[in-house]
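Each chain, written out:
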Amino acid sequence: MILSKDTMQIVHEQNVVPFRNRVKELATKIGMSLVNQTKLITAASELVRNMLKYANGGKILLEIISNNGRTGVRLTFMDEGPGIADVQQAMRDGFSTGKSLGLGLPGAKRLVNEFDIKSKPGEGTTVTITHWKNGR
Ligand SMILES: Nc1ncnc2c1ncn2[C@@H]1O[C@H](COP(=O)(O)OP(=O)(O)OP(=O)(O)O)[C@@H](O)[C@H]1O
Ligand SMILES: [Mg+2]
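About the thresholds
Going along each chain's sequence as written, the residues are numbered from 1 onward. Each chain takes a letter, starting from A, and each ligand takes a number, starting from 1, following the order in which they are written. Two thresholds apply to this predicted model, a pLDDT of at least 70 for residue-level local features and 80 or more for giving and counting side-chain atom pairs, whereas whole-chain, interface and lining totals are computed over all residues. Each side-chain value is worked out from all heavy atoms of the structure, with water and hydrogens disregarded. Residues are counted as near a molecule or strand when any one of their heavy atoms sits within 4 Å of it. Think of a polar contact as two N or O atoms within 3.5 Å of one another; within protein, one of them needs to be a possible hydrogen donor and the other a possible acceptor, and neighboring residues in sequence only count if both atoms come from side chains. Numbering goes from the N terminus for both helices and strands, where a helix is a DSSP run of H or I of at least four residues and a strand is a run of E of at least two. The classification used treats Ala, Val, Leu, Ile, Met, Phe, Trp, Tyr, Cys and Pro as nonpolar, Asp, Glu, Lys and Arg as charged, and all other residues, Gly among them, as polar. UniProt positions are given in the numbering used here, feature names are shortened, and annotations may be inferred rather than shown by experiment. In a helix, the anticipated span is given by 1.5 Å times the number of residues less one. Accessible area is worked out with a 1.4 Å probe on protein chains only. A residue is then buried under 20% of its type maximum, exposed over 50%, and partly exposed in between. Each direction from the helix axis to a C-beta atom contributes to the arc, which is the arc of those directions. Residues count as neighbours in contact if any of their non-hydrogen atoms are within 4.5 Å of one another. Definition used in this section: a nonpolar core is a set of buried Ala, Val, Leu, Ile, Met, Phe, Trp, Tyr and Cys residues joined via side-chain atoms within 4.5 Å.

A. Spotlight on the site of ligand 1. Surveying the vicinity of ligand 1 reveals 19 residues, the closest of which are Tyr54, Ser96, Thr97, Ser100 and Leu103. Asp79 is positioned with one of its side-chain polar atoms (N or O) 2.9 Å from a nitrogen atom of ligand 1. For the shell around ligand 1, the secondary structure elements donating two or more residues are helix 2 (34–55) and helix 4 (104–111). Taken together, the residues of the shell around ligand 1 break down into 8 nonpolar, 9 polar and 2 charged.

B. Spatial organisation of the UniProt feature "domain: Histidine kinase/HSP90-like ATPase" (unreviewed entry) in the protein. Here, the residues flagged by UniProt with the feature "domain: Histidine kinase/HSP90-like ATPase" (unreviewed entry) are residues 35–135. As annotated, residues 35–135 has a helix share of 33% and a strand share of 36%, and its two end C-alpha atoms lie 9 Å apart.

C. Seen up close, helix 1 (residues 16–29). Between its first and last C-alpha atoms helix 1 spans 20 Å; for 14 residues at 1.5 Å apiece the expected length is 20 Å, and the two agree. Listed in full, the buried residues belonging to helix 1 are Val16, Phe19, Val23, Leu26 and Ala27. Each buried residue of helix 1 lies within a common arc of 100° when the element is viewed along its axis, so the set occupies one face. Opposite the buried face of helix 1, at more than 90 degrees from it, the exposed residues are Val17 and Lys29. Each element contacted by the buried residues of helix 1 is listed here: strand 1 (2–10), helix 2, strand 2 (58–67) and strand 3 (70–79). Following helix 1 by one or two positions, Gly31 adopts a phi angle in the positive range, close to 80°.

D. Molecular detail of the nonpolar core. Ranked by size, the top nonpolar core spans 32 residues in total, and within it Phe19, Leu40, Leu75, Phe77, Phe115 and Ile129 carry the most contacts. Listed by contribution, the elements that provide at least two residues to this core are strand 1, helix 1, helix 2, strand 2, strand 3, helix 4, strand 4 (114–120) and strand 5 (124–132). Tallying contributions element by element places helix 2 first for this core, with 8 residues. Setting aside residues up to four positions removed in sequence, Phe77 forms contacts with Phe19, Ala44, Leu47, Val48, Met51, Lys59, Ile60, Thr125, Thr126, Val127 and Ile129.

Shown next, in the form of structure tokens:
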């Protein structure tokens with residue numbers, strides 16, 4: 001069940017802090033612990049950075065959801081960038097086409113309860129993460 005839903009456009013660096021604040025607000029609203037808030041916000045930061053760096057931005061859907069008595073925050077990052085040719089490779093620690101650490105995607109996956117990535121070269125990338133109030 002979707003309890004609340006809104007979207008944010010990410011077009012430049014200045015959109016990142018307001019986005020992080022919005023995630024924090026939602027997590028606080030459902031009573032998520034500080035440790036779990038930090039995990040969610042850290043993962044979200046990596047994904048928004050990728051969106052800006054590789055796809056020149058995109059749109060993020062922010063939802064509070066509930067399922068079987070648990071409540072959580074679900075974030076969907078949608079871009080229409082170049083897409084990822086080999087998602088399995090991109091999910092590996094240390095893989096980067098951006099001369100960086102290559103830890104953003106695999107790190108984000110480890111931090112949150114649910115992680116899904118879909119990408120099509122030439123069409124774009126969609127990453128969905130869900131973190132439950134109690135972090136499991
Ligand atoms: N939204 C995206 N659109 C297109 N390619 C992407 C996107 N997100 C990630 N990638 C590709 O996946 C690779 C791995 O991403 P990841 O975030 O793990 O590492 P990185 O951004 O290269 O380095 P780091 O995040 O550690 O600074 C990127 O180098 C890039 O090739
Ligand atoms: Mg990254």
